[in-house]
Amino acid sequence: MLAVKDLLLVRGKKTILQIDEFKLNQGDRVALIGPNGAGKSTFLKTLALLEKPTAGSVFFRGQLVNNINTLSFRRRMAVVFQEPLLLNTTVYNNVAQGLKFRSVERADIDRRVNYWLKKLGITDLSNRTPLHLSGGEAQRVNLARAFVLEPEVVFLDEPFSALDFPTRVDLLEKLGELLTNTATTALFVTHDFMEIPYLTDNVAVIDGGSVVHRGGVREIMKGSVAIPAVRRLLRPYQKSAMMREYMG
Ligand SMILES: Nc1ncnc2c1ncn2[C@@H]1O[C@H](COP(=O)(O)OP(=O)(O)O)[C@@H](O)[C@H]1O
Ligand SMILES: [Mg+2]
């Protein structure tokens, strides 16, 4: 689905990403985890074709991404950020916006928007403006905006990090269900191991701009991955009773 080869991304004098090879196959759900400043968001944006690498290649379904095809490929993806970036219009219009950009027919827009509002349990909010929504409601709108596009790949950058714990769990469960039902390929950035089992077992660890490990979340939580960056990330969990069952 998406692949990078010999990727290098330099900004100013700083090398932000250096990734020899990375693949996201059709149907994969990968959690991308790493410490602050590791390059998670930059890598997500590079794969979502929102950042242009300094060197190296990005492939979408086997085709080399270039200046000409970037926009058409980007329209087959959706991105969800932590800050909802909602427009000052109704919830309905916020969800409809991407379809209008893609020149989808009015009746089709209406059908799809209503379907996703319902799926996310926000039909009642459809005429509200986003200004006074709770954080959880706003992120439901944000998810509806992404899924209404029926993307081939969805990128999520710490989408629930700002939410309180129960809301976060609700939305993680909801997202897991949506990804399963739609079989959408997904890359989910998080800095919290606890979020991963709701969505996938498939983890990529990024540190200092490079992918240093790929594997299952259970082997990581059990402490059997002897990579310094992974050990550092695990430290806060090792004392947490909540995670003990996972960690064996
Ligand atoms: N446009 C930019 N110019 C210079 N440095 C940047 C730019 N974007 C990101 N960085 C730096 O690159 C590193 C990785 O950033 P980011 O991808 O946001 O990390 P993460 O999401 O893992 O916290 C950080 O050190 C950040 O300060
Ligand atoms: Mg980030």
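These remarks concern the structure in this document. (Residues numbered from 1 in each chain as written. Chains lettered and ligands numbered in written order. Predicted model: local features only at pLDDT ≥ 70, side-chain atom pairs only at ≥ 80, totals over all residues. Heavy atoms only, no water.)

1. What about helix α1 (residues 40–47)?
Here α1 lies mainly inside the structure; six of its eight residues are buried. Of all the positions in α1, only K40, T42, F43, L44, T46 and L47 are classed as buried. L49 sits one or two positions beyond α1 and adopts a positive phi of about 65°. (Buried < 20%, exposed > 50% of the residue type's maximum accessible area, 1.4 Å probe, protein only. Helix = DSSP H or I, 4+ residues; strand = E, 2+ residues; numbered from the N terminus.)

2. Quick word on the packing of aromatic side chains
This structure, assessed with the given rule, holds five aromatic pairs. Their ring planes at 80° and their centres at 5.2 Å tell us that Y115 and W116 sit as a pair that is edge-to-face. You can call Y115 partly exposed: its relative accessible area is 45%. W116 gets classed as buried once you look at its relative accessible area, which sits at 6%. Aromatic pair W116 and F147: ring centres 5.5 Å apart, planes at 25°, arrangement stacked. Of this pair, W116 sits in helix α4 (residues 106–119) while F147 sits in helix α5 (residues 135–147), and the two are 31 residues apart along the sequence. (Phe/Tyr/Trp six-rings, centres within 6.5 Å; stacked < 30°, edge-to-face > 60°.)

3. Let's talk about the sheet that holds strand β2 (residues 14–24)
The four strands are arranged β2-β1-β4-β5 in an open sheet whose pairing can be described as antiparallel. The open sheet has two edge strands, β2 and β5 (63–64), and neither has a second partner. Two strands pair when backbone bridges link them, and strand β1 (residues 2–11) and strand β4 (residues 55–60) are joined in this way by five bridges, in the antiparallel orientation. Along β4, the bridge assignment pairs A3 with F59. (Pairing = 2+ DSSP bridges.)

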